[in-house]
Amino acid sequence: LGDVYKRQVHGKGHVQVVIPYKTESYSSQNDPEDNLNIPICTLKMFPEETVHCVEWSRDKFGKLFTQAPKTLLMVLGKTAAPVTAQEISALKEAIRFLKHRPASFADCVRYARNKFQKYFVNDVRQLLFTYPLEFKTKDGTLFWSLPKRPPKELQFDPKDPLHAEFVTSMACLLANVWNVKEPEKARKAETRLKIAEEAASVKVNEFKPSEKKAKAISEEVSKEDNKEESKEETKGEELKFDPNDVNVLVSQWKELTAKLPKKEGGGEIVKPEEFEKDVDSNHHIDFLHAMANLRARNYKLEEMSWINVKLKAGRIIPALATTTACIAGLQTIELIKTLKKADTSLHRNAFLNLALPLLSLSEPGPPPVTELRPGLKVTLWDIWEVRSKNGKDITLKELLETLEQTYKLQPRDVLKGAKSIYFYAIMSAESKKSENEAVLGTRLVDLLGVKDAEYADLNVTFARDSKGEVLYGTCLLYTSDAADDMQCVDLGGRRIIKKKKKKK
């Protein structure tokens, strides 16, 4: 019944006792954040250490192979035209990503070669155009003085193992995202060199530095000195958009999506790559290793080994054997108390710091209580069950009505992951009346595209009344019979609503 969480950082360790319905959960409190933030300009233009290059490459990985595919899937799941600035920005990103959709692995290689040219040649030229080597600041000192290092551009060499590793890993990652078959033994040196030779034959466009980009870079650098002002100006800029531009974007979107395979929701069209440091064959660390070290060459920084890139990018911190032994002993004590069904007040959370040395013990806190409305309080352990009245598969309308009648709350939006299933603000419009009735009358299993043996996570937002603001947080629903067989609880601070299991 009890669970124990441990955390080790050098000589530090933490044991937390979690007992369902009696104590708070993992997510009830946040660990203090480490102050490891690196200034944006340092990451983007002025790296001082090789680790800055690793962080930069990690950021590029997330944007190219995780965030962009997820944004595309989100936009594919929407039927309504974009309205907010955020939706328009997402549409732009989806269009940009869709334009690079490869038809073959050769297209992936071409994409990787062009990215090499952008990151390690063109961006360097643009930066030196903005700040020439002789450029001086207002006080008369040279701009390119330490810790700022003037970069130098790289020329693509297919025989350079690092260049070959970059184009191969990037091409394979793009291929995996778009479900394009990658070459066999792509991580072998001979295969990489072959792919690099193919990349060398790609004709790259001639680049000319832009005055407009130079102005944008200068403004970004100057804003770094006043972050609050920068945030306010950026916030104001994000709200500006031209309606005519939106029409052009929608037209481009329709043209691009018309060429996509007809697969519901786009679920099989693209597959985001979630960063995974422990699978060497997935090209993730290969990509970061090549990209970080090429940037290090740009700025004349010391190159980093593959294993060190893995440690830095994966946030891997070796634990001391003595800390592990202490944490294991503290865990064992709490597990014995659990087996003996000891009272919660007898359990202890522990914080250990061998460097001081310090051992701090505290009683586990109770689960936080949230008041949804007067007379209705819940904790993260509460379960709301919604059962079909007629024994058949429940419809969306029946679900929402049951929630409203039982808990006196107004259901609003219904989402499955990032995909909107029911958006109240749109569907409640008079022009959407017939479509609204059709969606509400649809069985949940059909609406979500799940089979009887599957389950789906469904999020529902609520308001206290028909005119009230949406309540903070959502409800998590398991929407199929399989969920009834799962002996689990949600530790994320959300309630669970389960569908009744059919009788055989």
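Note: the structure precedes this text.
Residues numbered from 1 in each chain as written. Predicted model: local features only at pLDDT ≥ 70, side-chain atom pairs only at ≥ 80, totals over all residues. Heavy atoms only, no water.

Draft legend 1. Representation of the overall build of the protein in the model. Assigned secondary structure in the protein consists of 16 helices and 12 strands. When the 504 residues of the protein are sorted by exposure, 41% land in the buried category. Partitioning the intrachain contacts of the protein with sequence separation of at least 6 by distance along the chain shows that 67% fall at a separation of at least 24. Within the structure as shown, the protein displays about 29,200 Å² of accessible surface, and the carbon and sulfur contribution to it stands at 52%. (Helix = DSSP H or I, 4+ residues; strand = E, 2+ residues; numbered from the N terminus. Buried < 20%, exposed > 50% of the residue type's maximum accessible area, 1.4 Å probe, protein only. Contact = heavy atoms within 4.5 Å. Areas by Shrake-Rupley, 256 points an atom, 1.4 Å probe, with all protein chains shown as cover.)

Draft legend 2. Layout of unusual backbone geometry. The amide bond that connects Leu 146 to the next residue, Pro 147, takes the cis arrangement and shows omega of 15°. With respect to the helices and strands, Pro 147 occurs in the loop between helix H4 (105–130) and helix H5 (161–177). Even without a glycine there, the phi angle at Tyr 21 is positive, about 75°. Positive phi, normally seen in glycine, also occurs at Asn 179, with a value near 60°. Position of Asn 179 among the secondary structure elements: in the loop between H5 and helix H6 (189–200).

Draft legend 3. Molecular detail of the nonpolar core. Counting 73 residues, the largest nonpolar core has Phe 65, Phe 105, Phe 120, Phe 166, Met 170, Trp 178 and Phe 287 as its most contacted members. For this core, the element with the most residues is H5, which contributes 11 residues. Residues Leu 399, Val 445, Leu 447 and Leu 458 belong to the second largest nonpolar core, which totals 26 residues. (Core = buried A, V, L, I, M, F, W, Y, C linked by side-chain atoms within 4.5 Å.)

Draft legend 4. How the structure looks around the pattern of salt bridges. The tally for this structure, following the rule as stated, stands at 16 salt bridges. Between Asp 278 and Lys 277 there is a salt bridge, and its shortest N-O distance comes to 3.6 Å. Overall, Lys 277 belongs to the partly exposed group, its relative accessible area being 23%. Its salt-bridge partner being Lys 337, residue Glu 334 comes within 3.2 Å of it at the nearest N-O pair. Remark: Lys 337 and Glu 334 occur in helix H12 (residues 321–339); sequence separation between them is three residues, near one turn of the helix. We classify Glu 334 as buried; its relative accessible area is 6%. (Salt bridge = Lys/Arg side-chain N within 4 Å of Asp/Glu carboxyl O.)

Draft legend 5. Summary view of the pairing of strand E3 (residues 349–353). Burial runs high along E3: four of the five residues are buried. Judged from the four bridges that link them, strand E2 (residues 12–18) and E3 form a sheet pairing that is antiparallel. Residue Lys 12 lies in a different strand from E3, and its bridge partner there is Asn 353. Summarising the sheet, E3 and strand E4 (residues 358–362) pair through five bridges and their orientation is antiparallel. Note on E4: the bridge partner recorded for Leu 352 is Leu 359. Between E3 and the antiparallel strand that follows it, E4, lie four residues. (Pairing = 2+ DSSP bridges.)

Draft legend 6. Structural view of the packing of helix H2 (residues 50–76) against H5. Viewed as axis vectors pointing N to C, H2 and H5 meet at an angle of 10°, and their least axial separation amounts to 11 Å. Classified by the angle their axes make, H2 and H5 are roughly parallel. Touching Phe 61, Leu 64, Phe 65 and Pro 69 of H2 are Met 170, Leu 173, Leu 174 and Val 177, all from H5. (Axes fitted to C-alpha atoms, helices over the stretch in contact; angles between N-to-C directions. Parallel < 35°, antiparallel > 145°, perpendicular 65-115°, else oblique.)

Draft legend 7. Expanded view of the packing of aromatic side chains. Applying the stated criterion across every chain yields a total of 22 aromatic pairs. Where Phe 116 meets Phe 166, the ring centres are 5.9 Å apart and the plane angle is 65°; that geometry is what we call edge-to-face. Here Phe 166 lies in helix H5 and Phe 116 lies in helix H4, a separation of 50 residues in the sequence. Here Phe 116 falls in the buried class, since its relative accessible area comes to 0%. Each ring, one from Phe 166 and one from Phe 287, has its centre 6.1 Å from the other, and the planes form 25°; the classification is stacked. One end of the pair, Phe 166, is in helix H5; the other, Phe 287, is in helix H10 (residues 284–298), and 121 residues separate them in sequence. (Phe/Tyr/Trp six-rings, centres within 6.5 Å; stacked < 30°, edge-to-face > 60°.)

Draft legend 8. Representation of a nonpolar patch on the surface within the structure. A cluster of nonpolar residues, Phe 351, Leu 356 and Leu 358, forms a patch on the protein surface that exposes about 260 Å² of accessible area. For Phe 351, the location among the structural elements is in strand E3. Taking relative accessible area as the criterion, Phe 351 reaches 30% and is therefore assigned partly exposed. (Patch = residues over 30% accessible without salt bridge, like charges linked within 9 Å, V, L, I, M, F, W, Y side chains within 5 Å.)

Draft legend 9. Just H12, in detail. For H12, with 19 residues, the first-to-last C-alpha span of 27 Å sits near the 27 Å given by 1.5 Å per residue. For H12, every residue scored as buried is listed here: Thr 323, Ile 327, Leu 330, Gln 331 and Glu 334. Across the axial projection of H12, the buried residues extend over an arc of 100°, all falling on one side. For H12, exposure combined with an orientation more than 90 degrees from the buried face picks out Ala 321, Thr 322, Ala 325 and Leu 339. Note on H12: the residue one or two positions beyond its end, Lys 341, has a positive phi of about 55°. (Expected span 1.5 Å × (residues − 1). Arc of directions from axis to C-beta.)

Draft legend 10. View of the side chain of Thr 344. By secondary structure assignment, the location of Thr 344 is in the loop between H12 and E3. In this structure Thr 344 comes out as buried when scored by relative accessible area, which is 15%. Once residues lying within four places of it in the same chain are set aside, the contact partners of Thr 344 are Ile 19, Lys 22, Thr 23, Glu 363 and Pro 364.

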